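# Architecture at a glance
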Protein chains: 2
Amino acid sequence: MLAALLNGQSESIGLGVGVEDRGLAYGDGLFETMRWANGRIRLFARHYARLQRGCEELGIPTPSVSLIQQEIDSLARPVEHACIKYIVTRGAGGRGYRGSATVQPNRLAMLYPPTEGANDGIRVRWCATRLARNAQLAGIKHLNRLENVLAQREWDDARIAEGLLMDTEGELIGATAGNLFVVIDGVLVTPDLRFSGIRGVMREHVLSQAKRLGIATEERALWPDELVNASEAFITNALRGVRPIIELDGAALPDGSVALRIQQAVAAADE
Amino acid sequence: MLAALLNGQSESIGLGVGVEDRGLAYGDGLFETMRWANGRIRLFARHYARLQRGCEELGIPTPSVSLIQQEIDSLARPVEHACIKYIVTRGAGGRGYRGSATVQPNRLAMLYPPTEGANDGIRVRWCATRLARNAQLAGIKHLNRLENVLAQREWDDARIAEGLLMDTEGELIGATAGNLFVVIDGVLVTPDLRFSGIRGVMREHVLSQAKRLGIATEERALWPDELVNASEAFITNALRGVRPIIELDGAALPDGSVALRIQQAVAAADE
């Protein structure tokens, strides 16, 4: 980590979240991981919209756009490229699940070195860890992420960039840290995430770019055997962009042209 | 909170968990909530066994018995009765889900005023929040507890002590902060928690006391309509003990004798 602000305050040493913070106690909060490039946060409006939706779902007051933007600006201004992690928790208070009624949200902004973006293909594998289904929490980027942690602990081979995840019913949901798109009969299909997974900001951006390009899109339940019939597949992530899958558990996946068109559209878009 | 130790260190002001702690970032850790009474931790062997099992499931090195006991003793020694909350996280390190390989667990011990134990009956309600099913995480007391938080936010009436929770398939799992027992045809039945819920230490203690008393017990899938046929029902929790349910959503539940026998056995047991 390069620097951090806790509720707008910087401390070079000993910056710590209160031991009673409910983010620590219960994962009672939300986060965003954003790309800082050339003096601004890419896809910020989408990041903020997701954070706001998550705050509403959990009943946490959403920090204002200007407050978040100001904190990130003051942290990232000295650098050209960076990764920003922003956490909002319900705050500190109360020992039990219920907490106190007067709790105030805590905001934590952290600056990290940039993640290398690239357009070339990646190797992926299947994960044994399954995602639980819960419509109430699906889509939002809350802090209850043990499943993602356990999934990434399944492999240790740096040549494998990502792992694919099914939910407990065997539906294909996405990657451990990204959303999945597959092209089937010319249609760009992505899981609808009605029961699990995170609605990635790059996922939303890709769907919108695809529509602009006249590519048919579909959000629906996706099953693992459909990967066999896919003419191509790629993974999206706000930091890493659009990455075609070239290999799944050692078997080559076909190379298509949709990922390339989407990559070009995302690069050209001013979001 | 009355006092706290972070990795054995006390600080009267500004005790904080590092902003990169994975407990905060992902709920990547475990906790125990224990009753301190007359100079010792009640049911400590059971608390430690659950913590150890959880650490093994998550791949976190378990702090030693003597270290945990020593930290809690030094914190609680001045008081006669207290509630102890003990958190173990994977530690601080790495921005992504994977984290760094060299991460060291963090230990947090917190001292709170005692929770009033009582033997009288309680009123409960149904919660709309459902628990997701995930066999991999079921039973352990990990820090991903948003479902419990959201469930307790469903009501604000202090006369209602607890809420009952089903999982997403409609199985009856327990209370928001306790396990459920029902007596059906003379058998003491409790959900088997194979897909969700927490294996409470008081639940294990009650099962063991029931066996000692010659009461037949069964751990199995339990369904809401079975409450109708129950001759009694009660909720267990390490801090609050054994509490008979006298009312569910305004309807009286029958009063049985099993809860009373279990209460007496728990009070007499030297655990």
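Our structure is the block above this text.
Summary of the structure given here. Here the structure is a predicted model, which means the values were calculated and not measured.

## A word on the pattern of salt bridges
One pass over the full model with this rule turns up 40 salt bridges over all chains. Here B:Arg22 ties to B:Asp28 by a salt bridge, and the two come within 3.0 Å at their closest N and O atoms. The burial state of B:Arg22 is the same as that of B:Asp28; both residues are buried. Through salt bridges that share partners, A:Arg133, A:Asp167, A:Glu171, A:Asp192 and A:Arg194 make up one connected network.

## Thoughts on the interface of chain B and chain A
The interface is formed by 59 residues belonging to chain B together with 59 residues belonging to chain A. For the pair chain B and chain A, the two sides together bury roughly 4,900 Å², of which 58% comes from carbon and sulfur. At the surface where chain B touches chain A, the tally comes to zero salt bridges. Our count for the contact surface shared by chain B and chain A stands at 23 residue pairs in polar contact (both at pLDDT 80 or more). Going through the elements one at a time, strand E2 (16–18), helix H1 (22–26), strand E3 (29–37), helix H2 (44–58), strand E5 (81–89), strand E6 (106–112), strand E7 (122–131) and helix H4 (146–152) of chain B are the ones with two or more residues in the side of chain B that touches chain A. Here the side of chain B that touches chain A gets six residues from one element, more than from any other, and that element is H4(B). Across the side of chain B that touches chain A, the residue classes tally to 26 nonpolar, 17 polar and 16 charged. In this sheet, E2(B) lies alongside strand E2 (residues 16–18) of chain A in antiparallel orientation, the contact comprising three bridges. Across the sheet, A:Gly16 pairs through a bridge with B:Gly18, a residue of E2(B).

Parameters at a glance
Residues numbered from 1 in each chain as written. Chains lettered and ligands numbered in written order. Predicted model: local features only at pLDDT ≥ 70, side-chain atom pairs only at ≥ 80, totals over all residues. Heavy atoms only, no water. Salt bridge = Lys/Arg side-chain N within 4 Å of Asp/Glu carboxyl O. Buried < 20%, exposed > 50% of the residue type's maximum accessible area, 1.4 Å probe, protein only. Contact = heavy atoms within 4.5 Å. Buried area = accessible area lost by both parts, 1.4 Å probe. Polar contact = N/O pair within 3.5 Å; in protein donor to acceptor, adjacent residues only side chain to side chain. Helix = DSSP H or I, 4+ residues; strand = E, 2+ residues; numbered from the N terminus. Nonpolar A, V, L, I, M, F, W, Y, C, P; charged D, E, K, R; others polar. Pairing = 2+ DSSP bridges.

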